[in-house]
Amino acid sequence: MRFRHPDGSTVHLAYCTNVHPAETLDGVLAQLRDHCEPVRRRLGRDRLGIGLWLARDAAHALVTDPSALRGLRTELEHRGLEVVTLNGFPYEGFGAEEVKYRVYQPDWADPERLAHTTDLARVLAQLLPDDVTEGSISTLPLAWRTAYDQERATAAHTALTTLAERLDALHELTGRSLRIGLEPEPGCTVETTRDALAPLTAIGHDRIGICVDTCHLATSFEDPHTALDALAQARVPIVKSQLSAALHAEHPHLPEVRAALAAFDEPRFVHQTRTLTAAGLRGTDDLGEALAGDALPDASPWRAHFHVPLHAAPAAPLTSTLPVLRAALTRLVGGPHPLTHHLEVETYTWQALPPELRPRARAQLVDGIAAELTLARDLLTDLGLKELP
């Protein structure tokens, strides 16, 4: 979906396909047929943007077989879909029954991460629509914080510098300008937007910036305006923003609130949980850990890294951090010029929701994704952007 900003530039809105995990190219093609095109039809649109997630094997198949890459581009066009952004965070296995900490491997100190992201860039340069010259890729924020020492930090810095040089070369070769955004996430080396300032300033290349995930922003209790103003002041480019909402518990000391939270404690993904105290931010690496005894102070609200559907906040006594998303979006695209032109709805946890909230059929998932995109569209038009055909 495309929108015209009052300054005349185009803002792209997509939804991320990591909600339909697939490890192979055949699986990606099935996603387009079974999910993405039905979402487009449900919205009544001739064209729909998707933030494509390509696992290692799928990306490798595309970069080593030009005919396969041409075939994917043809299939996208046939189904009324377009790609301007990729989700390069998960490497593989995102559809496994237990993902947890494996999603952070390999990290930017490992050669495999550089090789995979280079493949993604080469693929995206060929998938961009003919009238689009700028693409974006989000990636993990360097590494999970444990076992990340100075040696690995130096290796990660070198890898990202090498990537920037490769993106420069790709631009010269194809005319397509691609940028990478580190995606701050609780528990990682770069947990907050503030944590991103030092490494990104050290790299000092405009092709390496930040991806602002509004669920992660909220989970860490960052104020959107303060965070985004700091990025602008440091001249850190906001490559893309993922529109998502975290789980919010206003009164975590109450038994009924803990019982409601426990329904979201599931085995597939890590759900980092945070609370803001007078002494600063406190947290646990997973929701179950927070619920166990007194691991986390409960005198102030808790927020958990659980991407809840944008249009459907959990039932009381829980809610979502949609207000944080609204505030961030206002700052991102509501001003005289957009701070980013790439927006991506990223609710990948539909099948991790409590059983009674999960879509029971493919059509229900299509309806849910379409409802999220409709909400995002309405937020954008309320900010003065005009939806384009």
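See the structure printed just above.
Predicted, not measured: the structure shown is a model, and the values here were computed from it.

Counted under the stated rule, the structure contains 8 aromatic pairs. Ring plane angle 45 degrees and centroid distance 5.2 Å describe the contact between Phe-94 and Phe-269, whose orientation is recorded as tilted. A residue pair is termed long-range when its members are at least 10 positions apart, and Phe-94 in the loop between strand 4 (81-87) and helix 4 (111-127) and Phe-269 in the loop between helix 9 (255-262) and strand 10 (273-277) qualify at 175 residues. Classification of Phe-94 as buried rests on a relative accessible area of 4%. For Phe-269, a relative accessible area of 4% gives the class buried. Measuring from ring centre to ring centre gives 5.1 Å for Phe-264 and Phe-306, while their planes differ by 90 degrees; the resulting arrangement is edge-to-face. Pair noted here: Phe-264 is in the loop between helix 9 and strand 10 and Phe-306 is in strand 12 (residues 302-308), with a separation of 42 residues, a long-range link. We note that Phe-264, like Phe-306, is buried. Here the aromatic residues Trp-53, Phe-94, Phe-269 and Tyr-348 are joined through ring pairs into a cluster of three or more. One Lys or Arg, Arg-303, reaches over the ring of Phe-221 and ends 4.4 Å from the middle of that ring.

Further remarks concern the sheet that holds strand 12. The strand order 11-10-12-9-13 describes an open sheet built from 5 strands, whose pairing is antiparallel. The open sheet has two free edges, formed respectively by strand 11 (280-284) and strand 13 (318-320), since each of these has just one partner strand. Going from strand to strand, the sheet's axes swing by 30 degrees on average, the running direction of each strand aside. Strand direction decides the pairing type here: strand 9 (residues 245-249) and strand 13, joined by 3 bridges, are antiparallel. Among the inter-strand pairings, Leu-247 is bridged to a residue of strand 13, identified as Ser-320.

Before going further, it helps to spend a moment on the pairing of strand 10. Here 5 bridges tie strand 10 to strand 11, and the two strands are oriented antiparallel to one another. Considered in strand 11, the bridge of Arg-274 is made with Gly-283. The turn linking strand 10 back onto strand 11 is made up of 2 residues. Inspection of the sheet shows strand 10 paired to strand 12 by 3 bridges, in the antiparallel sense. Directly across from Arg-274, in strand 12, lies its bridge partner Arg-303.

Considered for burial, the residues of helix 8 (residues 224-233) that qualify are Pro-224, Ala-227, Leu-228 and Leu-231. For helix 8, the buried positions fall inside an angular range of 90 degrees around the axis, keeping them on one side. Projecting away from the buried face of helix 8 at angles above 90 degrees are the exposed residues Thr-226 and Gln-233. The inward-facing, buried residues of helix 8 abut helix 6 (193-203), strand 7 (208-213), helix 7 (214-219), strand 8 (238-243) and helix 11 (322-333). Remark: Arg-235 follows helix 8 within two positions and exhibits a positive phi of approximately 60 degrees.

Below, the discussion takes up the nonpolar core. Counting 112 residues, the largest nonpolar core has Leu-13, Tyr-15, Ile-50, Leu-52, Leu-54, Trp-108 and Leu-373 as its most contacted members. Looking at this core, the element that brings in the most residues is helix 12 (residues 362-382), giving 9 residues. Other than its neighbours up to four places away in sequence, Trp-108 contacts Arg-113, Leu-114, Thr-117, Thr-139, Leu-140, Leu-142, Ala-155, Ala-156, Ala-159, Leu-160, Leu-163 and Leu-182.

Rules of the game
Along every chain, residues carry numbers that run from 1 in the direction the sequence is written. Reporting in this predicted model follows two pLDDT cut-offs: at least 70 for local features of residues, and 80 or more for side-chain atom pairs to be given and counted; totals over whole chains, interfaces and linings ignore these cut-offs and use all residues. Working from all heavy atoms in the structure, the side-chain values ignore hydrogens and water. The criterion for an aromatic pair is that two Phe, Tyr or Trp rings (for Trp, the six-membered ring) have centres within 6.5 Å, with stacked assigned to planes under 30 degrees apart, edge-to-face to planes over 60 apart and tilted to the rest. Counting from the N terminus, the helices are DSSP H or I runs at least four residues long and the strands are E runs at least two residues long. Here's how the labels work: a residue is buried when its accessible area is under 20% of the maximum for its type, exposed when over 50%, partly exposed in between, all with a 1.4 Å probe on protein chains only. Distance and angle both matter: a charge sits over a ring if NZ of Lys or CZ of Arg is within 6 Å of the ring centre and within 35 degrees of the ring normal. Criterion used throughout: strands pair if DSSP finds at least two bridges between them. Structural elements are reduced to axes, namely lines fitted to C-alpha atoms, with helices fitted over the stretch in contact, and the angle between N-to-C directions of any two is expressed from 0 to 180 degrees. Throughout, the arc means the angular range of directions from the helix axis out to the C-beta atoms. Any pair of residues with heavy atoms lying within 4.5 Å of one another is described as a contacting pair. The set of buried Ala, Val, Leu, Ile, Met, Phe, Trp, Tyr and Cys residues whose side-chain atoms join them within 4.5 Å is what this entry labels a nonpolar core.

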